[in-house]
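# Survey of secondary and tertiary structure
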Amino acid sequence: MNAERLARLRENAAKPEFQPVVARIRRRAEAGLAITYTFDGREQAQWWHYFHCDHDGHSLVFDWNKPKEHRCGACGRVYTGEPYDSCWVLMAHSEIASAMVHMSLMLAIEPDGHEDCLAFIRRYLLLYARYYASFTIHGDIPYNGPGKLFAQTLDESLWIANICKAYAIAREWLTAEERSRIEEGLLRPCALFLIDHKEKQLHNHSTIITSAISSLGFLLNDPAVQAGGLEGEYGLLDQMERGVRPGGLWYEGVFHYHYFALHPIMNYCLIVEGTQWDLRGHPAIRKMLDFPLSFILPNGTVPMLNDHGGHAGIREYAWAYEIAYAWYGDPEYRQMLRVMYGVDGDHLHAFGEGSGFRPAERASQEALFYGMELGIASPEELRESRER
């Protein structure tokens, strides 16, 4: 991972305005240290959507202490057996990967004093490296490819993307022998599996899958693997070039999917930043960032098109504009961040006191990695930006 970006992370982590997100990362890392779950080559996870109550559709409660007993969070009914036990396995591995990300961030922020976090990351990376090749391809989710650890290619990709992020940060603390075992036992077989099961369609899932493959190829220093994610029909570049409409909207026509497709692209860019593989100059990215800003409603939400969930607003997407402002320096992004965060009451000027808009907390990981000073943009700066 780019040394300049890690330096920005550490610099921001020392500033008062970022203490809430640092505290949250620390809490998540410390909570993760309590995880002791282990597994072997027979591990198989099931689809998250099965982890719901048959009576009221509410999600079941994940409990580390009850891998065979799953309570509905609404009515209290308890479910046992399959598919619930295997859904619990999905939740467990997702939690492990998330914990590794938070622990790697603590290592990056405070390199000394987190030997326990490093030990956790090392233990699970080597455990996955030992068993990943033994996991059986499985999954019968409609309209989705299979998985090895998980039940669909999408979930496999979301999980390995977190693994990639944690590994990109933590690998400098691992020995050459450990890195080799992890790369050849986990990263490479996962990359080859994902290449074999790339979706042959333009889709938000496909940006996640191909971004994961491309990240794996970069970490493996293997141009062939990286090309397997980036290039060709339905590769990441093809997704960006054909999936983003000329005006900048992701072709599925839903703002949620628009940002869902953009997020993995940005995560990939974080891992490869400053190299020949950096995509920040690709015109599709700026188009995707700019398009939604013209459709913000008077209460700060975006239109609920197709199957977009209710109440999603621009405040949920502040993470994207932290990256945008750091990359491009456009004062319009800076001004939009001030509105999203309610700096000096700027949201009142944008939406009004009775709009119901609630500013976001500046608490994303992207804010730590990319966050810049948010001084007010002058009318001259904004005018010059629009003229460009």
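Details of the structure are given in the entry above.
Below is a summary of the structure that appears in this document. (Residues numbered from 1 in each chain as written. Predicted model: local features only at pLDDT ≥ 70, side-chain atom pairs only at ≥ 80, totals over all residues. Heavy atoms only, no water.)

### Some details on the overall build of the chain
Counting secondary structure elements, the chain contains 16 helices and 2 strands. For the chain, the C-alpha radius of gyration of 21 Å lies close to 21 Å, the compact-globule estimate for 388 residues. Residues classed as buried in the chain amount to 57% of the 388 residues present. Accessible surface for the chain amounts to roughly 16900 Å². Of this, 50% is attributable to carbon and sulfur atoms. For the chain, the separation between the mean place of its 37 positive charges and that of its 51 negative charges on side chains is 1 Å. (Helix = DSSP H or I, 4+ residues; strand = E, 2+ residues; numbered from the N terminus. Rg over C-alpha atoms; globule rule 2.2 N^0.38 Å. Buried < 20%, exposed > 50% of the residue type's maximum accessible area, 1.4 Å probe, protein only. Areas by Shrake-Rupley, 256 points an atom, 1.4 Å probe, with all protein chains shown as cover. Lys, Arg positive; Asp, Glu negative; His and termini not counted. Charge placed at Lys NZ, Arg CZ, Asp CG, Glu CD.)

### Some remarks on the packing of aromatic side chains
A full pass over the atoms with the stated rule returns 28 aromatic pairs. Note on Phe62 and Trp64: the rings are 5.0 Å apart at their centroids and 75° apart in plane angle, and the pair reads as edge-to-face. Three or more aromatic residues link up through ring pairs in this structure, and these residues are Tyr37, Phe39, Phe62, Trp64, Trp88, Tyr128, Tyr131, Tyr132, Phe135, Phe150 and Trp159. Here the basic side chain of Arg123 rests over the ring of Tyr124, its NZ or CZ set 4.6 Å away from the ring centre. We note Lys148 situated over the ring of Tyr132; from NZ or CZ to the ring centre the distance is 5.4 Å. (Phe/Tyr/Trp six-rings, centres within 6.5 Å; stacked < 30°, edge-to-face > 60°. Lys NZ or Arg CZ within 6 Å of the ring centre and 35° of its normal.)

### Some points on the nonpolar core
Grouped burial of nonpolar side chains is what soluble globular proteins tend to show. Within the largest apolar cluster, 123 residues are counted, with the highest numbers of intra-cluster contacts made by Ile160 and Tyr321. When residues in this core are grouped by element, the largest group, 18 residues, is from helix 3 (residues 84-109). Setting aside residues no more than four positions away along its own chain, Tyr321 makes contact with Tyr259, Leu289, Pro292, Leu293, Ile314, Tyr333, Leu337 and Met340. (Core = buried A, V, L, I, M, F, W, Y, C linked by side-chain atoms within 4.5 Å. Contact = heavy atoms within 4.5 Å.)

### Quick word on the pattern of salt bridges
Within the structure shown, the criterion is met by 18 salt bridges. Two residues, Arg122 and Glu178, come together in a salt bridge whose shortest N-O distance is 2.9 Å. Here the residue Arg122 occupies a position in helix 4 (residues 115-131), and Glu178 occupies one in helix 6 (residues 176-196), the gap between them amounting to 56 residues. A salt bridge links Arg362 to Glu322; the shortest N-O distance between them is 2.8 Å. Within this pair, whereas Arg362 is found in the loop between helix 14 (346-351) and helix 15 (365-370), its partner Glu322 is found in helix 12 (residues 318-328), the two being separated by 40 residues in sequence. Judged by relative accessible area, which is 13%, Arg362 ranks as buried. With a relative accessible area of 1%, Glu322 lands in the buried category. What emerges from the salt-bridge pattern is a single network uniting Arg5, Glu273, Asp278 and Arg280. (Salt bridge = Lys/Arg side-chain N within 4 Å of Asp/Glu carboxyl O.)

### Brief notes about unusual backbone geometry
Glu82 connects to Pro83 through a cis peptide bond whose omega is 5°. When you line up the elements, Pro83 lands in the loop between strand 2 (78-79) and helix 3. A positive phi angle is found at Asn221, which is not glycine, with a value near 55°. Along the chain, the position of Asn221 falls in the loop between helix 7 (204-219) and helix 8 (223-230). Positive phi is not limited to glycine here, since Tyr234 has a value of about 70°. Tracing the backbone through its elements, the reader meets Tyr234 in the loop between helix 8 and helix 9 (236-243).

### Side note on helix 2 (residues 19-32)
Between its first and last C-alpha atoms helix 2 spans 20 Å; for 14 residues at 1.5 Å apiece the expected length is 20 Å, and the two agree. Restricting attention to buried positions, one finds in helix 2 the residues Val21, Val22, Ile25, Ala29 and Gly32. On an axial view of helix 2, the arc spanned by its buried residues comes to 105°, and they lie on one face. More than 90 degrees from the buried face of helix 2, the exposed residues found are Arg27 and Glu30. Packing partners of the buried residues in helix 2 comprise helix 1 (3-13), helix 3, helix 4 and helix 15. (Expected span 1.5 Å × (residues − 1). Arc of directions from axis to C-beta.)

### Section: the environment of Ala119
With respect to the helices and strands, Ala119 occurs in helix 4. What makes Ala119 partly exposed here is its relative accessible area of 37%. In this structure, the C-alpha to C-alpha distance between Ala119 and Ala227, residues 108 residues apart in sequence, is 33 Å.

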